[in-house]
Amino acid sequence: MSDDARGIPRGSISRSARLASLPLGAAGRATLGIGKRLSGQPADAVTAELQQRTAEQLFAVLGQLKGGAMKLGQTLSVFEAAVPEEMAAPYREALVKLQEEAPPMPVRTVHAVLAQQLGGTWRTRFREFDDAPAAAASIGQVHRAIWRDGREVAVKIQYPGAATALMADLNQLARFARLFAALFPGLDVKPLIAELKARVVEELDYGLEADAQRQFSAAYAGDPEIVVPRVVASAPKVIVSEWLEGLPLSRVITEGTREQRDRAGHLMAVLHFSAPWRARLLHADPHPGNFRLVDGDRLGVIDFGATARLPDGLPEPIGRLVRWALEGRAEDVLTDLRAEGFIRPGVQVDAGGVLDYLRPMLEPIERHGFRFTRAWMQEQAARLADPRSEASRLGRQLNLPPAYLLIHRVTIGSIGVLCQLDAAADYRSVCEEWLPGFAG
């Protein structure tokens, strides 16, 4: 199927031309900014205007790129609670537009993929199959159907050519990653895109995804808090799983009640900390589109394309370091950070300064009960991103070992969703139950 059939612009030349407009636009805005400063306008006002114009151009380019932009946009969406509302609102609108305006595959292409993956008699496996997609994403689309045994199922079908189109988009976006600093100050997007490229390779293998879903489903079978639909059938480009009805987390964020927000926040924390022990996997894609509130009090999880294999569960030093930091044991924290590779050999840092760096981020589990808010996340982002701050200077001296990289990113992403939810819960008790080393 052509790129146009999927809603992704045809050809690398058009992609390059659109993305090439970004640095040219940035240069023009920088010149405009210098001129306005020379004319006496306040520096803060000029910076805000430059950020807004850069953001507008980024939204325009993302809207044209579709596939790779949607994947990057979904990943970045969990961090939008860290930016001011006037910047975050148009970002959310752009992402929704990307998702809603993605043209579906032609029906003949859908049938061709099903025949190739499930066999020429694929129709006999279903009592009914809805040719109109129920949802569309960056890699594939989902159709509602009735399986031959009467179960309602979701049929996830991968776009032909998804790998080539997505990698082309992400390669282009990586060239201009620094411009995303206009939206997400302090966030280095380039390694995030590099990780996305590596992860997309796994996400394109629906066989791996189906295995991860089976593992999660078995781990949470009959659970009163977490529900994972069972896999009915799978192939390299198709997954058939039980249909899961529920209130999308995105709607809980925009219009949910206080009770729904707090319940969803609690359940997100339970999933994050319990899955590495129960399923030996970490759900590594915490954006709201992957979750539902089921029957009002359970968290439904519907996408397992991105998971991290943790055969031994979460590393015990994480819980121990957090506990010692909360107890004020600065020297013990510093010693363990060195042992785990968070501080490179030969780098000298002050133990008290390290504790001051960490403690504000641990406020959510310092006591039994905390409300995550956008204001709290914005405060943390500003503290760590301001190059003049002591926290920022210390942060540049620390190192994130490869074994902790994905765990760190998923944790920060989950916190971003909790801040969007404005969710209050007893997060400390969740950590005491599921985080190794934390309860001592």
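See the structure printed just above.
Report on the accompanying structure. As the structure is a prediction and not an experimental result, all values here were calculated from the model.

Comments concerning the sheet that holds strand 10 (residues 298–301)
Here is step 1: Spatial strand order, 4-10-9-7: four strands in an open sheet with mixed pairing. Unpaired on one side and paired on the other, strand 4 (226–227) and strand 7 (247–248) mark the two borders of the sheet.
Here is step 2: Looking at chain direction, strand 7 and strand 9 (residues 291–294) are connected through two bridges and run antiparallel. Paired with P248 across the strands is R292, a residue of strand 9.

Focus on the nonpolar core
Here is step 1: Within the largest apolar cluster, 70 residues are counted, with the highest numbers of intra-cluster contacts made by F216, Y220, L249, L271, V333, L421 and Y427.
Here is step 2: Here the element with the most residues in this core is helix 11 (residues 258–278); it accounts for eight residues.
Here is step 3: The residues touching L271, leaving out its near neighbours within four places in the chain, are F216, Y220, I226, P276, F291, L299 and V301.
Here is step 4: Judged by nonpolar contacts, the second largest core, of 31 residues, contains A145, V155, A210 and A233.

A short note on the environment of V228
Here is step 1: Relative to the helices and strands, V228 resides in the loop between strand 4 and strand 5 (231–235).
Here is step 2: Taking relative accessible area as the criterion, V228 reaches 8% and is therefore assigned buried.
Here is step 3: The spacing of V228 and E242 is 14 residues in sequence and 9.0 Å in space, taken between C-alpha atoms.
Here is step 4: When near neighbours in sequence (up to four residues on either side) are disregarded, V228 contacts Q213, F216, S217, Y220, V301 and F304.

Some details on the pairing of strand 3 (residues 152–158)
Here is step 1: Of all the seven residues making up strand 3, six are buried; the element is thus mostly covered by neighbouring parts of the structure.
Here is step 2: Of the pairings in the sheet, the one linking strand 2 (residues 140–147) to strand 3 comprises seven bridges and is antiparallel in character. In the sheet register, H143 faces strand 3, and the bridge partner there is V155.
Here is step 3: Hairpin remark: strand 2 followed by strand 3, antiparallel, with four residues in the connecting loop; positive phi at G150, about 95 degrees.

Points about the sheet that holds strand 6 (residues 238–242)
Here is step 1: Taken in spatial order, the five strands line up as 1-2-3-6-5 in an open sheet, and their pairing is antiparallel. What marks the edges here is a single partner per strand, and that holds for strand 1 (126–136) and strand 5. Recorded for the sheet is a direction-independent mean angle of 20 degrees between the axes of neighbouring strands.
Here is step 2: When strand 3 meets strand 6, the two strands line up antiparallel, connected through five bridges. Along strand 6, the bridge assignment pairs A154 with S241.
Here is step 3: Sheet strands in contact with helix 9 (residues 206–219) are strand 2, strand 3, strand 5 and strand 6, and its direction is about 160 degrees off that of strand 5.

What to know about helix 14 (residues 351–358)
Here is step 1: Regarding helix 14, the residues found buried are A351, V354, L355 and Y357. Down the axis of helix 14, the sector holding all buried residues measures 155 degrees, keeping them to one side.
Here is step 2: Against the buried residues of helix 14 lie helix 12 (316–326), helix 13 (330–340), helix 15 (374–385) and helix 16 (390–395).
Here is step 3: Two or three places before G352, at the opening of helix 14, D350 has a side-chain oxygen 3.2 Å from that residue's backbone nitrogen.

Some words on the side chain of D262
Here is step 1: Looking at the secondary structure, you find D262 in helix 11.
Here is step 2: Within the local environment of D262, its side chain forms a polar contact with the side chain of R258, the two groups lying 2.8 Å apart.
Here is step 3: If near-sequence neighbours (up to four positions away) are discounted, D262 is found in contact with R371, D422, A423, A424 and A425.

Quick notes on the packing of helix 12 against helix 13
Here is step 1: At their nearest, the axes of helix 12 and helix 13 sit 9 Å apart, and the two run at 160 degrees to each other. The angle between the axes of helix 12 and helix 13 places the two elements in the roughly antiparallel class. Considering how the two elements wind past one another, helix 12 and helix 13 form a crossing that is left-handed. In this structure, helix 12 uses P317, R320, L321, W324 and A325 to contact helix 13, whose residues at the interface are D332, V333, D336, L337 and E340.
Here is step 2: For the contact of helix 12 with helix 13, the class distribution of residues is six nonpolar, no polar and four charged.

Quick notes on the pattern of salt bridges
Here is step 1: Under the criterion given, the structure shown has 23 salt bridges.
Here is step 2: Here D422 ties to R258 by a salt bridge, and the two come within 2.7 Å at their closest N and O atoms. In this pair, D422 sits in the loop between helix 17 (402–421) and strand 13 (424–425) while R258 sits in helix 11, placing the two residues 164 residues apart along the sequence.
Here is step 3: On the basis of relative accessibility, which here comes to 24%, the residue D422 falls in the partly exposed class.
Here is step 4: A salt bridge links R298 to D295; the nearest nitrogen and oxygen atoms lie 3.6 Å apart.
Here is step 5: On the basis of relative accessible area, D295 is assigned to the exposed category, the value being 67%.

Examining the packing of helix 11 against helix 18 (residues 427–434)
Here is step 1: The geometry of helix 11 relative to helix 18 is characterised by a closest axis approach of 10 Å and an angle of 10 degrees between their N-to-C directions. With respect to helix 18, the element helix 11 is oriented roughly parallel. Between helix 11, through G265, H266, A269, V270, F273, S274, W277 and R278, and helix 18, the contact on the second element is made entirely by Y427, V430, C431 and W434.
Here is step 2: Of the residues assigned to the contact of helix 11 with helix 18, the class counts are eight nonpolar, three polar and one charged.

Procedures and definitions
- Starting from 1, residues in each chain are numbered consecutively following that chain's sequence as written.
- Restriction of local features to residues with pLDDT of at least 70 applies here, the model being predicted, together with a cutoff of 80 or more for giving and counting side-chain atom pairs; totals for whole chains, interfaces and linings are based on all residues.
- The basis for the side-chain values is all heavy atoms of the structure; hydrogens and waters are excluded.
- When DSSP finds two or more bridges between two strands, those strands count as paired.
- Labels follow the DSSP assignment, with helices taken as runs of H or I lasting at least four residues and strands as runs of E lasting at least two, numbered in each case from the N terminus.
- Throughout, nonpolar core names a set of buried Ala, Val, Leu, Ile, Met, Phe, Trp, Tyr and Cys residues whose side chains join them through atoms within 4.5 Å.
- With a 1.4 Å probe rolled over the protein chains alone, any residue whose accessible area is under 20% of its type maximum counts as buried; one over 50% counts as exposed, and the rest are partly exposed.
- Any pair of residues with heavy atoms lying within 4.5 Å of one another is described as a contacting pair.
- Between N-to-C directions, angles span 0 to 180 degrees; the directions come from axes that are lines fitted to C-alpha atoms, helices contributing only their stretch in contact.
- To obtain the arc, one takes the directions from the helix axis to the C-beta atoms.
- Any pair of nitrogen or oxygen atoms within 3.5 Å is treated as a polar contact; in protein, a donor-acceptor pairing is required on top of that, and neighbouring residues in sequence qualify only through side-chain atoms on both sides.
- Here roughly perpendicular refers to angles of 65 to 115 degrees, roughly parallel to angles under 35, roughly antiparallel to angles over 145, and oblique to all remaining angles.
- Crossing handedness is read from the near helix: turned anticlockwise from the far helix by less than a right angle, it gives a left-handed crossing, and turned clockwise, a right-handed one.
- Following the grouping adopted for this structure description, the nonpolar residues are Ala, Val, Leu, Ile, Met, Phe, Trp, Tyr, Cys and Pro, the charged ones are Asp, Glu, Lys and Arg, and the polar ones are all others, Gly among them.
- When a carboxyl oxygen of Asp or Glu lies within 4 Å of a side-chain nitrogen of Lys or Arg, that pair is called a salt bridge.

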